[in-house]
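Survey of secondary and tertiary structure
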Amino acid sequence: MTLNYPHRLTFSLVGLFLSSSLLAQSAIPQLSRLDEDQANIQLDGFLDEAVWQDLPWIDGMRVIDPDTLAEAPYETHIRAFYTEQGIYIGAMNFQPADTLVARMTSRDTQLDRDGFVVGLDPSGEGLYGYFLRINLGDSMTDGTILPERQMNMQWDGSWNARTQALDNGWSVEYYIPWAMMPLPQADGNRQIGFYFERQVGHLGGEAWSSPALPRTVNEYLSAFDMRQLRDIEPRRQLTFYPFVSGTFDAIKDDLDSKVGTDIYWRPTTNTLLSATLNPDFGTVESDDVVVNLTAFEVFFPEKRAFFLEGQDIFNTHPRSSGGGGPGGPIQILNTRRIGGAGDFDIPDNVNVVPTDVSRPTELLGAVKYTGQIGNWQYGTLFAAEDDPELLGTLDDGTPVTIQAEGRNFGVARLLYEDTAGGGRRSFGWMGSNVDHPDIDSTVNAFDMHFFSRDNRWIVDTQVMHSDNSGVTGLGFLGDMSYRPERGKQHTIRATWIDDEFDMNELGFLTRNDQANLSYNYFANESDIPGLRNRTTGLIVTNEWNTDGLPVRLGAFLNRSYTFLDNNSLDMSVRYFPARFDDRLGRGTGAFQLPVRYGANIGYETDRAQPISWNVGLSLDPEDLGPRQLQGTAGIAWRPVDRFSVDLSLRYTDREALLVHRGDGAYTSFEAHQWAPRLEVDYFITAQQQLRFTTQWTALKAFEDSFYRVNTVEEGALIPVANPDNDPDDFTISRLTFQARYRWEIAPLSDLFVVYTRGSNLPRNSFFTFQDLFEQSWNDRIVDQFAIKLRYRLGS
């Protein structure tokens, strides 16, 4: 099918005329308004309704990836209007039909293909926004945006869109309801920022946008094109998300069912009150399988819809999204703590199932209130856990029940932002409290942010104070970025956190007791013959503890080449000066590590092709100096748009895996680890998906050398003889398998049918790797079948 526009030139002239006429009256063009009944849009991706023919179109696309800012080779005709219920956007993406690339994937999967993006700034001042992408074939990606380009891709919105492949390209229709977004109070007129982006799969994922905002510039959210809207004051909006779920545990032969609801109410356009009653945070997707033998906690992102909605107000610093240290971000609020495992006091003579100890705690309920008044934004969050119970047995088999008390959580946030005259200036406060008979934890943070009018300078700072049952601590974060020209950026990060600061009852921090200053340089070049682009990164890290010992030192040089066929080559070299490890021993003393070096190289083919593959090789030093060799490989097969197989494999050979055995004693192990992952996806339609995922990681470690920390003076570990004749060899084998059917009945209305199987073998399971995998499949500690239905009702 072909959609023809016989009045294409006329529409273009009309668009230019309207813009010129309105500019004479106002600096901001007006967006067309229609009544919902008059629009009569059937959201199917075809732009065949009469309203689309009567509206002027805009284009203005420029190439932003690679960053050439050249005119786009194909036309893109974008039309938009709004009603009392929401915004409608239609786009005709012209290109030869035989070049279309459609790939169906799970929501929020990043993959080069034909796609269209709508960016929205409902604040009209670059304060918060939304990123809404629909790909040819109707797979969706969305997220929230904070200045300037901080994106939370875990969020899912109630917008909807459809696409259609045509003889002269492909078309797309969007519907974005007002109920999805907060709108500042306005008397008659309001401003909303718009951004449009198009990705072209057959050109190696080349991206175009209007306005042209490549990643090589600091501006993004604040530079969206503004449109003026009149008389938009949506009525009070009330939305319910009732759910019903049932879970059968085959290990315990137990069936559990649950009914509850999430409630979202907008009493005004700029406030949102949300609550969850008898919530079900049961797993319908699993976290990655991780083997962590370090002293640092691993960060897992939030996946629960209630905590993701309206959560951006609680983001106090760019490092909340990442870059906080070796294990993850620095967050005052880590909502994964809410409903975490209970704190049980288990007597020595009671036997319990390990998976029961780590099981999430049920919530009695939670409530959140967010809003905006003028330049001020605010938010509060309260949650209460139920008292968890743990079933166990005495040594003689007598059943017993161990009880713990649930925790209460409270969070408050206040933020002032000013964009008058260009740039952005803001400051805010955030406080959190965790209440429990054994815990009284309070954290306060004050943050300040600056974005210069010339878009070259960005400054983000934060001062933190913690009080845990009378033990107080302080912390400071200070980041400054300078971009002298497009494609080049210098960043300095300063951190000081004393050894008493602790916010991990509700926040996330990989380590306290640190004082560091790091420098990052990044350059992106798109004018090199034979290349699509080349990036260069230089990182210098200089971190000390508050006792004056260097604990993280290094210099890293990274170079990445993307070729014209969208294949890429990545290389890096690393230098680690001598430093101390003050964490692995868990307080038994620091020890010195020698000078070390590392390097890696990786190659990946164009992921938009039906078959793509990647290989990588990394040579890194162990703590004691010997090498650690890691090889990776992966292949993805997408013979048709609806089906894909993605297999990845990682093998690690370690010469001196260092493990603390307690009381300052260490053993180094020769270790071998395999970590394959297989994912198979089949889409019955874009809204119905069958997914099968298998993750397995297996490590076998054999003791090699023995050491003890030097208690006389700080220095290297002291070699010692084997302290006993019993070998400390160990094995880790963990497997997770999940089969999941998901039907998106309507926006944010889903039916899940999920089977989950998992294992964690004993440490003395010394088999071949093949037998370990077979044993991991058979010796289950998780075997569950779950059904969950959630449906969105209301505005």
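Right above here is the structure, for reference.
Residues numbered from 1 in each chain as written. Predicted model: local features only at pLDDT ≥ 70, side-chain atom pairs only at ≥ 80, totals over all residues. Heavy atoms only, no water.

Assigned secondary structure in the protein chain consists of six helices and 44 strands. Judged by the C-alpha coordinates and their principal axes, the protein chain covers about 90 × 60 × 55 Å. Across the 795 residues of the protein chain, 52% fall into the buried class. If you take every contact in the protein chain between residues at least 6 apart in sequence, the share linking residues at least 24 apart comes to 62%. With an accessible surface of roughly 35000 Å², the protein chain has 54% of that area assigned to carbon and sulfur atoms. Charge separation in the protein chain, taken as the distance between the mean sites of 67 positive and 109 negative side-chain charges, equals 5 Å. (Helix = DSSP H or I, 4+ residues; strand = E, 2+ residues; numbered from the N terminus. Buried < 20%, exposed > 50% of the residue type's maximum accessible area, 1.4 Å probe, protein only. Contact = heavy atoms within 4.5 Å. Areas by Shrake-Rupley, 256 points an atom, 1.4 Å probe, with all protein chains shown as cover. Lys, Arg positive; Asp, Glu negative; His and termini not counted. Charge placed at Lys NZ, Arg CZ, Asp CG, Glu CD.)

The three strands lie next to each other as S17-S20-S21, forming an open sheet whose pairing is antiparallel. In this open sheet, the two strands that pair with only one neighbour each are strand S17 (350-352) and strand S21 (399-403). Within this sheet the neighbouring strands show an average axis-to-axis angle of 45 degrees, counted without direction. (Pairing = 2+ DSSP bridges. Axes fitted to C-alpha atoms, helices over the stretch in contact; angles between N-to-C directions.)

A separate point is unusual backbone geometry. Cis geometry marks the peptide bond from Asp-65 to Pro-66; its omega dihedral reads 5 degrees. For Leu-69, which is not glycine, the phi torsion reads 60 degrees and is therefore positive. Take Leu-69: it is sitting in the loop between strand S2 (62-65) and strand S3 (76-82). Unlike most non-glycine residues, Ser-469 shows phi in positive territory, near 55 degrees. Relative to the assigned elements, Ser-469 resides in the loop between strand S25 (457-468) and strand S26 (471-485). Residue classification places Ser-469 among the exposed positions, given a relative accessible area of 55%.

Another point: the packing of aromatic side chains. For any pair of aromatic rings, geometry is given as the distance between the ring centres together with the angle between the planes. Scanning all chains against the criterion turns up 32 aromatic pairs. When the ring of Tyr-130 is compared with that of Trp-155, the centres are 5.1 Å apart and the planes differ by 45 degrees; the resulting orientation is tilted. Of this pair, Tyr-130 sits in strand S6 (residues 129-135) while Trp-155 sits in the loop between strand S8 (150-152) and strand S9 (160-166), and the two are 25 residues apart along the sequence. Ring pairing ties together the aromatic residues Phe-116, Trp-159, Tyr-174, Phe-194 and Phe-196, which thus form one cluster. (Phe/Tyr/Trp six-rings, centres within 6.5 Å; stacked < 30°, edge-to-face > 60°.)

Moving on, we come to empty space enclosed by the protein. Empty space among the atoms can be located by rolling a probe the size of a water molecule over them. Scanning all chains against the criterion turns up one cavity of 30 Å³ or more. There is about 170 Å³ of room inside the largest cavity. As for the largest cavity, its lining consists of 13 residues, of which Thr-105, Arg-107, Ala-686, Gln-687 and Glu-744 are closest to the centre. For the lining of the largest cavity, the elements supplying multiple residues, two or more each, are strand S39 (688-708) and strand S41 (730-746). Class assignment of the residues belonging to the lining of the largest cavity gives a composition of three nonpolar, six polar and four charged. (1 Å grid on protein atoms, 1.4 Å probe; cavity = no way out; pocket = protein on both sides within 12 Å on 5 of 7 lines; lining within 4 Å. Points joined across faces, edges and corners; volume = space filled by probe spheres on them. Nonpolar A, V, L, I, M, F, W, Y, C, P; charged D, E, K, R; others polar.)

Membership of the largest hydrophobic core comes to 38 residues, with the highest contact counts inside it found for Ile-87, Ile-89, Phe-116, Tyr-174, Ile-176 and Trp-178. Of all elements in the fold, only S3, strand S4 (86-94), strand S5 (115-121), S6, strand S10 (169-177) and strand S11 (189-200) reach the threshold of two or more residues within this core. Those residues in contact with Trp-178, other than ones at most four positions away along the chain, are Tyr-82, Thr-83, Glu-84, Gln-85, Gly-86, Ile-87, Leu-183, Ile-192, Leu-229, Ile-232, Pro-234 and Gln-237. Among the nonpolar cores identified, the runner-up in size contains 31 residues, and Ile-313, Phe-409, Ile-497 and Phe-501 belong to it. (Core = buried A, V, L, I, M, F, W, Y, C linked by side-chain atoms within 4.5 Å.)

Taken in spatial order, the five strands of this open sheet run S1-S3-S4-S10-S9, and their pairing is mixed. Each edge of the open sheet is held by one strand with a lone partner, namely strand S1 (32-33) and S9. Judged from the seven bridges that link them, S3 and S4 form a sheet pairing that is antiparallel. Note on S4: the bridge partner recorded for Phe-81 is Tyr-88.

Here we take up the environment of Gln-377. Within the fold, Gln-377 resides in strand S19 (residues 376-385). Counting along the chain gives 64 residues from Gln-377 to Ile-313, while the straight-line C-alpha distance between them is 7.4 Å. Among all residues touching Gln-377, those that are not within four sequence positions of it are Leu-127, Tyr-128, Ile-313, Gly-371, Gln-372, Arg-413, Leu-414, Leu-415 and Glu-417. Separated by 2.6 Å, the side chains of Gln-377 and Glu-417 make a polar contact. (Polar contact = N/O pair within 3.5 Å; in protein donor to acceptor, adjacent residues only side chain to side chain.)

Looking now at the pattern of salt bridges. Applying the stated criterion across every chain yields a total of 37 salt bridges. Across the pair Arg-407 and Glu-385 runs a salt bridge whose closest N-O atoms are separated by 2.9 Å. One end of the pair, Arg-407, is in the loop between S21 and strand S22 (408-418); the other, Glu-385, is in strand S19, and 22 residues separate them in sequence. Across the pair Asp-620 and Arg-574 runs a salt bridge, and its minimum N-O distance is 2.6 Å. Taken together, the residues Asp-620 in strand S35 (residues 611-621) and Arg-574 in strand S31 (residues 568-576) connect sequence positions 46 residues apart. (Salt bridge = Lys/Arg side-chain N within 4 Å of Asp/Glu carboxyl O.)

The next point concerns the pairing of S3. For S3, a buried count of seven out of seven residues is recorded, marking the element as mostly surrounded by other parts of the structure. The alternating pattern of S3 places Thr-76, Ile-78, Ala-80 and Tyr-82 and His-77, Arg-79 and Phe-81 on opposite faces, both of which are buried. What sits between S3 and S4 in their antiparallel hairpin is a turn of three residues.

Right, let's get into the side chain of Ser-123. Of note, Ser-123 is situated in the loop between S5 and S6. The class for Ser-123 is buried, based on a relative accessible area of 6%. In terms of polar contacts, Ser-123 uses its side chain to reach the backbone amide nitrogen of Glu-125, at 3.1 Å. Looking at Ser-123, its side chain comes within polar contact range of the main-chain nitrogen of Leu-127, at 3.1 Å. Setting aside residues up to four positions removed in sequence, Ser-123 forms contacts with Tyr-128, Pro-184 and Gln-191.

Once that is clear, we can look at a negative patch on the surface. Together, Asp-343, Asp-345, Asp-386, Asp-387, Glu-389, Glu-405 and Asp-438 make up a region of like negative charge exposed at the surface. Mapping Asp-387 onto the fold places it in the loop between S19 and strand S20 (389-394). (Patch = residues over 30% accessible without salt bridge, like charges linked within 9 Å, V, L, I, M, F, W, Y side chains within 5 Å.)

Okay, the environment of Leu-584 next. If you trace the backbone, Leu-584 turns up in the loop between strand S32 (579-581) and strand S33 (591-593). Classification of Leu-584 as buried rests on a relative accessible area of 6%. In the structure, Leu-584 is positioned 130 residues away from Asp-454 in sequence and 46 Å away in space, judged by C-alpha atoms. Those residues in contact with Leu-584 that sit more than four places away from it in its chain are Leu-293, Ala-295, Phe-591, Asp-623, Leu-658, His-660 and Tyr-666.

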